[in-house]
Amino acid sequence: LDAEQAPLVSAKMGIGIDEVLEAVVQHIPSPTGDENAPLKALVFDAVYDNYRGAICFVRIMEGTIKSGMRMRMMQTGAEFDVVEVGFLSNGYQPAESLKAGDVGYVSASIKEVRDTRVGDTITDAERPADAPLPGYKQATPMVYCGIYPADGNDYAALQDALDKLRMNDASLAYEPETSAALGFGFRCGFLGLLHMEVIQERLEREFDLNLITTVPNVIYEVEKTNGEHM
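Residues numbered from 1 in each chain as written. Predicted model: local features only at pLDDT ≥ 70, side-chain atom pairs only at ≥ 80, totals over all residues. Heavy atoms only, no water.

(A) Focus on the overall build of the chain. Looking only at helices and strands, the chain has 4 helices and 14 strands in total. Expected size for 230 residues packed as a compact globule is a radius of gyration near 17 Å; at 22 Å, the chain overshoots this value by more than 25%. For the chain, the C-alpha atoms occupy an extent of roughly 65 × 50 × 50 Å along the three principal directions. For the chain, with 230 residues in total, the buried portion stands at 33%. Intrachain contacts of the chain at a sequence separation of at least 6 include 65% that bridge at least 24 residues. When the accessible area of the chain is evaluated, it comes to approximately 13,700 Å², of which 51% is carbon and sulfur surface. Taking the 19 positively charged and 36 negatively charged side chains of the chain as two groups, their mean positions are separated by 4 Å. (Helix = DSSP H or I, 4+ residues; strand = E, 2+ residues; numbered from the N terminus. Rg over C-alpha atoms; globule rule 2.2 N^0.38 Å. Buried < 20%, exposed > 50% of the residue type's maximum accessible area, 1.4 Å probe, protein only. Contact = heavy atoms within 4.5 Å. Areas by Shrake-Rupley, 256 points an atom, 1.4 Å probe, with all protein chains shown as cover. Lys, Arg positive; Asp, Glu negative; His and termini not counted. Charge placed at Lys NZ, Arg CZ, Asp CG, Glu CD.)

Here it is in structure tokens:
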């Protein structure tokens, strides 16, 4: 709750805001983790800034991250120099460091947005962690379709838009493909038809693209009566 909502909610419930905050302190355990251990930071979201590149929103599980250090994405292996770290408080609030238990942001001038994946683990390139945080799995697309720009000159813009959408939607998969009739485009994989429609709508509304999409299809396996698999 923000500063305006909290008093309204507490008033409707018949309790004071001080009691709510005290209950949070009493019943929600404090974060755990060793700030001196090798860095393990979970990327739970990311946004793209035209001036600072991809900005990662992280939860520090172990260790400490500060500006000037060399960080490594454990899933992609990409390394970057940390430019700024801080907390999210009505915007970006710079800080000297983020330690185990903190939630904040990391700016490292990441220009290639494909290097940032939700669920990835950030570690110290000079003193890396032994293994990434558990739970990260590459999403498996279930529905595929081709997405092409109506104007061939928008191909680069479409690629940039897909890169930015994938920053906070790790389930989106795509690869370049060429059609004799439609020209250059991308074969995209989605979790389902609804996911496909949402992505198409975002591409058109948020990035002002005029798109042509092919009929959705699925990859399937055929078992013949003689036991042969295709």
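(B) Seen up close, the nonpolar core. One finds Val58, Ile65, Met71, Ile110 and Ile122 to be the most contacted residues of the largest nonpolar core, which totals 23 residues. The set of elements that each furnish at least two residues to this core consists of β1 (40-49), β2 (53-62), β4 (70-73) and β9 (103-110). Those residues within four positions of Ile122 in sequence are excluded, and the remaining contacts are Leu39, Lys40, Ala41, Val43, Cys56, Val58, Ile65, Met71, Arg72 and Met73. In terms of nonpolar packing, the next biggest core, distinct from the first, is built from 16 residues, Cys145, Leu165, Tyr174 and Phe186 among them. (Core = buried A, V, L, I, M, F, W, Y, C linked by side-chain atoms within 4.5 Å.)

(C) Representation of helix α4 (residues 193-206) in the model. Between its first and last C-alpha atoms α4 spans 20 Å; for 14 residues at 1.5 Å apiece the expected length is 20 Å, and the two agree. Phi turns positive, to about 55°, at Asp208, one or two residues after α4. (Expected span 1.5 Å × (residues − 1).)

(D) Layout of the side chain of Thr116. Tracing the sequence through the fold places Thr116 in the loop between β9 and β10 (121-124). Each residue touching Thr116, except ones within four places of it in the same chain, is listed here: Ala46, Ala54, Cys56, Met73, Ile110 and Met167.

(E) Molecular detail of unusual backbone geometry. With a phi angle near 55°, Asn90 is a residue other than glycine that sits in the positive phi range. Here Asn90 shows up in the loop between β6 (84-88) and β7 (92-95). Unlike most non-glycine residues, Ser109 shows phi in positive territory, near 55°. For Ser109, the position within the fold is in strand β9.

(F) Structural context of the layout of surface pockets. Within this model, the largest pocket holds a volume of roughly 170 Å³. Around the largest pocket sit Val113, Arg114, Thr116, Arg117, Tyr136, Gln138, Asp163, Arg166, Met167, Ala170 and Tyr174, which together line it. Grouping the constituent residues of the lining of the largest pocket by class yields 5 nonpolar, 2 polar and 4 charged. (1 Å grid on protein atoms, 1.4 Å probe; cavity = no way out; pocket = protein on both sides within 12 Å on 5 of 7 lines; lining within 4 Å. Points joined across faces, edges and corners; volume = space filled by probe spheres on them. Nonpolar A, V, L, I, M, F, W, Y, C, P; charged D, E, K, R; others polar.)

(G) Spatial organisation of the packing of aromatic side chains. Using the criterion set out here, one finds 5 aromatic pairs in the structure. Here Phe44 and Phe57 contribute two aromatic rings whose centre-to-centre distance is 6.4 Å and whose plane-to-plane angle is 45°, an arrangement assigned as tilted. Of this pair, Phe44 sits in strand β1 while Phe57 sits in strand β2, and the two are 13 residues apart along the sequence. Since its relative accessible area comes to 12%, Phe57 is described here as buried. Aromatic pair Tyr174 and Phe186: ring centres 5.9 Å apart, planes at 85°, arrangement edge-to-face. Here Tyr174 is found in strand β12 (residues 173-179), whereas its partner Phe186 is found in strand β13 (residues 183-190), with 12 residues between them in sequence. For Tyr174, a relative accessible area of 16% puts it in the buried group. By relative accessible area, which is 1% here, Phe186 ends up buried. Ring pairing ties together the aromatic residues Tyr155, Tyr174, Phe184 and Phe186, which thus form one cluster. (Phe/Tyr/Trp six-rings, centres within 6.5 Å; stacked < 30°, edge-to-face > 60°.)

(H) Broad picture of the pattern of salt bridges. On inspection of all chains with the given rule, the structure shows 9 salt bridges. With a closest N to O distance of 3.8 Å, Glu35 and Lys99 form a salt bridge. Placement of Glu35 in the loop between α2 (17-27) and β1 and of Lys99 in strand β8 (residues 97-99) is noted, with a sequence separation of 64 residues between them. By relative accessible area, which is 34% here, Lys99 ends up partly exposed. Glu79 serves as the salt-bridge partner of Arg70, at 3.4 Å between the closest nitrogen and oxygen. Bridged by salt links that share partners, the residues Arg70, Arg72, Glu79 and Asp81 form one connected network. (Salt bridge = Lys/Arg side-chain N within 4 Å of Asp/Glu carboxyl O.)

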